[in-house]
Amino acid sequence: MNKELKFNEYFNNWLYSKDGYYSDYKTIGKEGDFFTAVSTSSFFGGTIGKKIVDTINEKSLPKNTTVVEIGAHHGYLLADMIQFIYTLKPELLNTLTFAIVERFPHLQEQQKKYLNECFGDAVSIKFYNDISEVKLDHAFIVANEIFDAFACDLVYTKDDVLQHAVVKLQDKHKIEFIDSDDEYLISQAKKYSITKGEIGIGYEEFAKTMINNIKRFEFITFDYGDRYPRNDFSCRVYTKHEVHPIFEESISLEALYENSDITYDVHFNRVTDIFKDAGAKEVIFKTQLQALVEFGIVDLLDMLKTNAGDDAYLKEVQKVKTLLEPTGMGDRFKMLQISK
């Protein structure tokens, strides 16, 4: 084991190494370490499904588009999208193609099993190991909480000198800051006036790959964060629905390492700039509340009330409130709609 790692290497190993947190299947929701919008209500995926149908109806994408989910975990989100597409415009299942980008083979197997249980032979799913393999004429791409799972570096300005974090593995994973000679970190910190916080790593390659490999697409992604950097550390660990800031003195990073989720707030202006620089035609930023309402979640709830009655409607409304609450997920989570 190396004695010292730059923080982005440490973060990446925490989640994606052979024994990393995502190296085996993790339950999301009440029995897991955290909730997501997908685990809150099927109407999250259903509303994205409605957006896909509307996009095709408006002829922004053709009816033989490939619907791609990046990082599908169990497959719940894609299944919800497919189910609502079938409800709203069933003939599209004869023309649409569905695909998942998933780096872990064991998760691909989980996804195949679950989607087969849901749809049998009615729907076929193509699997890619990496976004670089996805080469298409047109696609509707969806990713939920993806950018916060890219590795990041921690930076801090001391006496007008940028420092970056290193982790001393043999000293109980102690984090220290050293003067940085990393020209990329220095340039990003200067460009966005970041004096303290996180700088995500790998966004540029991801954006360029998507732009270069797919001729025409709509990309919808949800994540937590804001337009502007906080100039404070947001990096934190989730374990059994408890949240621990990375510098909380009472926690043991050594014990939590690879056994819990680690994340940080996404800086959306930076992601927007990166996609525009790569060649995106348009990038739209909204809160999750704004996006889901504009995509038609209220219309879907009205359909549920008409077809399933008041009891089913009221039960689902309580779940959807969690997605939309301005003091909760509705404002905390943001959406980017990126078009090429």
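Provided above is the structure to which this section pertains.
What you see is a predicted model; the values in this text were computed from it and never measured.

Colleague: Report on the packing of helix 11 (residues 297-308) against helix 12 (residues 310-324), specifying residues and quantitative values.
Modeller: Where helix 11 meets helix 12, the axes come as close as 8 Å, and the angle between the chain directions of the two elements is 160°. Relative to helix 12, the element helix 11 is oriented roughly antiparallel. Regarding helix 11 and helix 12, the two cross each other, and that crossing is right-handed. Contacts between helix 11 and helix 12 involve Ile 297, Leu 301, Leu 304, Lys 305 and Ala 308 on the former and, on the latter, Asp 310, Ala 312, Tyr 313, Glu 316, Val 317, Val 320, Leu 323 and Leu 324. Of the residues that constitute the contact of helix 11 with helix 12, the class distribution is 10 nonpolar, no polar and 3 charged.

Colleague: Give me the environment of Asp 137: which residues, what numbers.
Modeller: Tracing the sequence through the fold places Asp 137 in strand 5 (residues 136-144). A sequence separation of 81 residues divides Asp 137 from Glu 218, and the C-alpha atoms of the two residues are 12 Å apart. Once you skip the residues sitting within four places of it in the chain, Asp 137 turns out to touch Lys 215 and Arg 216.

Colleague: Give a description of the environment of Asn 259 that names residues and reports values.
Modeller: Among the secondary structure elements, Asn 259 is positioned in the loop between helix 8 (253-256) and strand 13 (261-263). Residues Asn 259 and Glu 249 lie 10 residues apart in sequence; the distance between their C-alpha atoms is 18 Å.

Colleague: Account for the packing of helix 7 (residues 203-213) against helix 9 (residues 268-278), with residues named and values stated.
Modeller: Helix-helix packing is described using two parameters, namely the angle between the two axes and the distance between the axes. One can describe the packing of helix 7 onto helix 9 by two numbers: an axis separation of 9 Å at closest approach and a directional angle of 40°. The angle between helix 7 and helix 9 places the two elements in the oblique class. As helix 7 packs across helix 9, the resulting crossing turns out to be right-handed. Each of Tyr 203, Glu 204, Phe 206, Ala 207, Lys 208, Met 210 and Ile 211 in helix 7 lies in contact with helix 9, whose residues at this interface are Arg 270, Val 271, Ile 274, Phe 275 and Ala 278. Grouping the constituent residues of the contact of helix 7 with helix 9 by class yields 9 nonpolar, no polar and 3 charged.

Colleague: Explain the nonpolar core to me, and be specific about the residues and the numbers.
Modeller: Grouped together as the largest cluster of nonpolar side chains are 62 residues, with contacts concentrated most on Phe 7, Trp 14, Phe 147, Phe 206, Met 210, Phe 219 and Phe 275. A total of 6 residues in this core trace back to one element, the largest contributor, which is helix 1 (residues 7-16). Aside from chain neighbours lying at most four places away, what touches Met 210 is Ile 70, Ile 131, Ile 141, Phe 217, Phe 219 and Phe 275. In this structure, Leu 61, Ala 72, Leu 93 and Ile 220 belong to the second largest nonpolar core, which totals 48 residues.

Conventions we followed
- Residues numbered from 1 in each chain as written.
- Predicted model: local features only at pLDDT ≥ 70, side-chain atom pairs only at ≥ 80, totals over all residues.
- Heavy atoms only, no water.
- Axes fitted to C-alpha atoms, helices over the stretch in contact; angles between N-to-C directions.
- Helix = DSSP H or I, 4+ residues; strand = E, 2+ residues; numbered from the N terminus.
- Parallel < 35°, antiparallel > 145°, perpendicular 65-115°, else oblique.
- Left-handed = near helix turned anticlockwise from the far one by under 90°.
- Contact = heavy atoms within 4.5 Å.
- Nonpolar A, V, L, I, M, F, W, Y, C, P; charged D, E, K, R; others polar.
- Core = buried A, V, L, I, M, F, W, Y, C linked by side-chain atoms within 4.5 Å.
- Buried < 20%, exposed > 50% of the residue type's maximum accessible area, 1.4 Å probe, protein only.

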